[in-house]
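Topology and contacts: notes
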Amino acid sequence: MIGKVLGHCRILAKIGEGGMGVVYRAYDEVLHRDVALKVVNKDARLDPSSSQRLLHEARASSSLAHPNICTIHDVGENEGEFYIVMELVEGKSLAAMTATGGLAPESVLRYGIQIASALARAHDRGIIHRDLKTANIVITNEGLVKVLDFGLAKRARSGIFEGPTQSFATIENTSGISGTLPYMAPEILRGEPAGNRSDLWALGVVLYEAASGRLPFEGRTGFEISSAIMREIPNSLGPPVPPGLWSVIQRCLAKEPVQRYQRAGEVQAALEAVQSAAIVSPDSAAGSGPPRTTILHSVRHAQVRKGDFLLLVGTTKGAFILRSNAQRARWDVGGPYFHGHNVYSMAFDSRGGQHRIWASTQSYWGTLLRSSDDFGKSWTNPQQAPIRFPSDTGVSLKNIWQIALGRADEPGVLYCGVEPAALFETRDAGETWSLVRGLFDHPHRPRWMPGNGGLALHTIVLDPANSRRMYVAISAGGVYRTDDGGSTWTAQNQGIRAMFMPDKYPEFGQCVHKIALHPDRPDRLFLQNHWGLYRSDDCGEKWIDIANGVPSDFGFTVLMHPRNPDCVYIIPVESDEFRCACDGRLRVYRTRNGGASWEPLVRGLPQKRAYETVLRDAMTADSFDPVGIYFGTRSGQLFGSRDEGRTWQKILEGFPSVLCVRSAVVEDASGDLRPTLATDIPSPKHKTKPRSRSNTRRPGR
Amino acid sequence: MPITFHIPGALREFTAGLSRVEIEHPATTLAGALSALWTLYPGVRDRIATEQGQVREHINIFIGDENVRYTGGLASPVTAASEISIVPAVSGGAEDLCRAQSMRVIWGKNPSRKLAEPMRKVSACGHGIPCP
């Protein structure tokens, strides 16, 4: 090829080669300038789509006039040979510069800002790079960054180029995946289409490599690398990498795209902030700042495997994840997560094959909804609180008391019950939340009465037989039901006593502590009241007293047996003045006939000076056979029974006060995760071990 | 002279790890200065203020040595050289205090007499806070 003229460019020397093209140094004999000229090589020409890809590369890049993007001058075809004439960039690739170790943080910031700026321009034009890597980034002799090779770029909006493609130095594949493996985002490996945020992942890898001289996700084989990308947390970068830069890298490398920066411009701004802040605050370079709390290196994690059984424990000082197996005899403890924060509610979401743990956290710094897709190793920590009251309400969020999953066929739907009493809903898996106005604007709401602890919507129950029906319980407002998907709500409190009101049986205003429903009997609910134990057989229209023989009808929790709709567990406490186990004896009570009679379950539970309190969400069941029952106490003890309550064992003590306990069985923790959910709202009859309970039993609207 | 913010440890993950942030900004009130801070570091905002724009109940902000609760709140004047400290209030120990008291009672000599007192102070409806 040397000496050959393509168009008006004479080829002078070969300067590079990749899977798709050979790059030559050439001289433009019309415009009298040095250029780079990329020609489809003969091997690549065997691929009928390669020439189209080359043309696409040219079209994409030629629209990107940006100082940090290699300029495309011309494109042409000569005797069946496709070629691109582009700006000749002389310098050193970032890959070569980092081959012997990490660069100075100042250089990483300077280059990173320029790369992010280039991506921002491309993304603004609807173009995704899809193969950003240090080998595609050249630092000119003047220190200017040039991003090369938009060879995999895709016009995201116009859809000009939709076919599968491969890049040089890429993995071989036939699945339509494109890019270079160590830089590929998890969603690409899952077969999802590349998006802007996939480029931001690659930018995170590039920054990590530039700062440390090594890749964040390594392995001896493609499988090992893929596995690391999907699951591993990269080793943290300490000094001399400033914490701010490490924070930016971590956010780029969030496994879920929604947890990353949303725009390249944000990365650029963040890097600029680190750069400028480092100037005004030289102490930042000392690296003494805490690591970003979303990545918890200093916390012990439970190593979750296929078949494991999990207990999620929320306390007044953080959350814990307990891991066991079907025997439920030995327990590993992960945590504490969210040091010092109240964790009032947790949930495990397995819909759509995910394995997401949700937790609400409350502290001086406000209330947040957090999630983890890696069993606690990393948690979201959103910049902006995702659940917030609209400004016109004049109301501020104080706490999230309940996280409830929507139906299985709507995996993006979740609900949160909050304080002050209100219901929030998301339909996009938590990315955006909206206030359920039908309930918030209810004429009763101004007359709901906050007690000492505030005014909370703490329980959400979805009717499995009627996708438009849902119940909520409010202290102190009572039970409300919607039959139209949340637009309108009616109070359902007839027969429930409010002993603190002049009218003992008002339409609303009752202090309901918990309600529960079994999917096999969706018209029947059980209710633990602030004084009073009730059942309704008609969807809450009327309630009857079922406190038949319990030592106290005061208590907090009501737990349905997962498979027996007549079986309910409660833990009575002595009174509202003295909210401890009656007579200092910790007793669980069970009915197996819908509340006609109750039996104490005490074997293994302390029966002397056990002044314990079990709060409303601090009891749960598993899905095994026989069913396991678990509860935590305010004194920080966790008890469990593997035989449906007949005998009990103390699992752990020394926790902070337990606020909530939830359980889950993980069917597969490697690759395609298919966990099952076990919560206090069970599924209908199953006859497998463990009894998998999908969230079809947690229906939504 | 820039306005200087002293950032508590809990918020430094949102300020790129910085304990001190200096901003050149012409703000004349605390509200303006805070606005400049969370334009630069947006994650700080929801930790300091509610969605309605009020400083959170247990967060104190000092300009110099003066708590802004006594100098006009968000309207408190700032100057180009102001030093603004964000500090969580040390007032949240009731729960721990109660827990410690009840633990002592459990192991003490006369549990029946002492036990009721701390439990009345922090009762336990639902999730461990007084019953609504």
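Residues numbered from 1 in each chain as written. Chains lettered and ligands numbered in written order. Predicted model: local features only at pLDDT ≥ 70, side-chain atom pairs only at ≥ 80, totals over all residues.

1. A look at the overall build of chain B
Put simply, the rule is: In DSSP terms, a helix is any run of H or I states spanning at least four residues, a strand is any run of E spanning at least two, and both are numbered starting from the N terminus. Whether two residues are in contact is decided by their C-beta atoms, placed from the backbone, lying within 7 Å.
From N to C terminus, chain B includes 5 helices and 5 strands. Reading the secondary structure of chain B in the N-to-C direction produces β-β-α-α-β-β-β-α-α-α. Excluding contacts between residues fewer than 6 apart, the proportion of contacts in chain B whose partners are at least 24 apart in sequence is 48%.

2. Quick word on the overall build of chain A
The condition is simple: To sort residues by exposure, count the other C-beta atoms lying within 10 Å of each residue's C-beta; 20 or more gives buried, 12 or fewer gives exposed, and values between give partly exposed, all with C-beta atoms placed from the backbone.
For chain A, the count of helices and strands is 10 helices and 39 strands. Here chain A, with 701 residues, has 56% of them falling under the buried criterion.

3. A look at the confidence of the model for chain A
Inclusion rule: A score from 0 to 100, pLDDT tells how confident the predictor is in each residue.
Per-chain confidence: chain A averages 84 in pLDDT, with 84% of residues scoring 70 or above. Taken as a whole, residues 691-701 of chain A scores under 50 in pLDDT and shows 56 contacts with residues more than four places along the chain or in a different chain.

4. Focus: the sheet that holds strand β26 (residues 512-518) of chain A
All names here are of chain A. For the record, the criterion: By this definition, two strands are paired if DSSP reports at least two bridges between them.
Strand order in the open sheet formed by 4 strands is β26-β27-β28-β29, with antiparallel pairing between adjacent strands. Single-partner strands in this sheet number two, and they are β26 and β29 (544-545). Two elements, strand β27 (residues 521-529) and strand β28 (residues 533-536), share 4 bridges in a ladder whose sense is antiparallel. Across the sheet, the residue bridging to L525 is S536, located in β28.

5. Examining the packing of helix α6 (residues 196-212) of chain A against helix α8 (residues 243-252) of chain A
All names here are of chain A. Stated formally: An axis is simply a line fitted to the C-alpha atoms; with a helix, the fit covers only the stretch in contact. Between two such axes, the angle follows the N-to-C directions and lies from 0 to 180 degrees. It is the rotation of the near helix from the far one that decides the hand of a crossing: anticlockwise by less than a right angle makes it left-handed, clockwise makes it right-handed. Gly is put with the polar residues, along with every residue not named as nonpolar or charged; the nonpolar set is Ala, Val, Leu, Ile, Met, Phe, Trp, Tyr, Cys and Pro, and the charged set is Asp, Glu, Lys and Arg.
In the contact formed by α6 and α8, the axes pass within 8 Å of each other and the chain directions differ by 145 degrees. Note on packing geometry: the crossing formed by α6 with α8 is left-handed. Where α6 approaches α8, its residues L200, W201, L203, G204, L207, Y208 and A211 are matched on the opposing element by L245, I249 and C252. Classifying every residue of the contact of α6 with α8 gives 9 nonpolar, 1 polar and no charged.

6. Some points on the nonpolar core
To keep things clear, this is the line we draw: Put simply, a nonpolar core is a cluster of buried Ala, Val, Leu, Ile, Met, Phe, Trp, Tyr and Cys residues tied together by C-beta atoms within 7 Å.
Counting 118 residues, the largest nonpolar core has V313, M346, V472 and I515 of chain A as the members making the most contacts within it. In this structure, L119, A185, A210 and L245 of chain A belong to the second largest nonpolar core, which totals 95 residues.

7. Some words on the sheet that holds strand β20 (residues 422-426) of chain A
Residues and elements named next belong to chain A. Strand order in this open sheet of 4 strands is β18-β19-β20-β21, and the pairing throughout is antiparallel. The open sheet has two edge strands, β18 (399-405) and β21 (434-435), and neither has a second partner. Where β20 lies against β21, 2 bridges are found, and the strand directions are antiparallel. By the bridge assignment, E425 is partnered in β21 with S434.

8. Examining unusual backbone geometry
Residues and elements named next belong to chain A. Between P239 and the following residue, P240, the backbone shows a cis peptide bond with an omega angle of 10 degrees. Inspection of the secondary structure assignment puts P240 in the loop between α7 (222-231) and α8. In this structure, A476 follows S475 across a cis peptide bond, with omega equal to 0 degrees. With a phi angle near 70 degrees, R130 is a residue other than glycine that sits in the positive phi range. Considering the arrangement of structural elements, one finds R130 in the loop between β8 (127-128) and β9 (137-140). Judged by the 26 C-beta atoms lying within 10 Å of it, R130 is buried.

9. A look at the pairing of β26 of chain A
Regular strands place side chains that alternate from one sheet face to the opposite one. All names here are of chain A. Counting buried positions over the 7 residues of β26 gives 7, a clear majority of the element. Across 6 bridges, β26 lies against β27 in antiparallel orientation. Along β27, the bridge assignment pairs I515 with L527.

10. Some points on the pairing of strand β30 (residues 554-560) of chain A
All names here are of chain A. Burial analysis of β30 places 7 of its 7 residues in the buried class, which makes it a mostly covered element. Bridge count between β30 and strand β31 (residues 568-573): 5 bridges; the pairing is antiparallel. The residue bridging F554 from the neighbouring strand is V573, located in β31.

11. A look at the environment of L601 of chain A
Residues and elements named next belong to chain A. You can see L601 is positioned in strand β33 (residues 599-601). Put simply, L601 and W648 are 47 residues apart on the chain and 8.5 Å apart in space, counted from C-alpha to C-alpha. Setting aside anything within four residues of it in sequence, one finds L601 in contact with R587, V588, R590, G645 and R646.

12. Digging into α6 of chain A
Residues and elements named next belong to chain A. Note the following rule: What a helix is expected to span follows from its residue count: subtract one and scale by 1.5 Å.
Taking 1.5 Å of rise per residue, 17 residues should cover 24 Å, and α6 covers 25 Å from first to last C-alpha, within 8% of that figure. Burial within α6 is extensive, with 17 of its 17 residues counted as buried. Once α6 finishes, G213 follows within two positions and takes phi at roughly 80 degrees, a positive value.

13. Things to note about the environment of A465 of chain A
Note that A465 of chain A resides in the loop between β22 (456-462) and β23 (470-475). Along the backbone, A465 of chain A and P522 of chain A are 57 residues apart, and their C-alpha atoms lie at a distance of 6.5 Å.

14. Some thoughts on the packing of helix α4 (residues 105-124) of chain A against α6 of chain A
All names here are of chain A. Quick note on the threshold: Working rule for angles: under 35 degrees goes down as roughly parallel, over 145 as roughly antiparallel, 65 to 115 as roughly perpendicular, anything else as oblique.
With their axes 10 Å apart at the nearest point, α4 and α6 run at an angle of 165 degrees to one another. Viewed along their axes, α4 and α6 adopt a mutual orientation that is roughly antiparallel. Between α4 and α6 lies a crossing of right-handed hand. Contacts from P105, V108, Y111, G112, I115, A116, L119 and H123 in α4 reach N196, D199, L203, V206, L207, A210 and A211 in α6. For the contact of α4 with α6, the residue count by class is 11 nonpolar, 3 polar and 1 charged.

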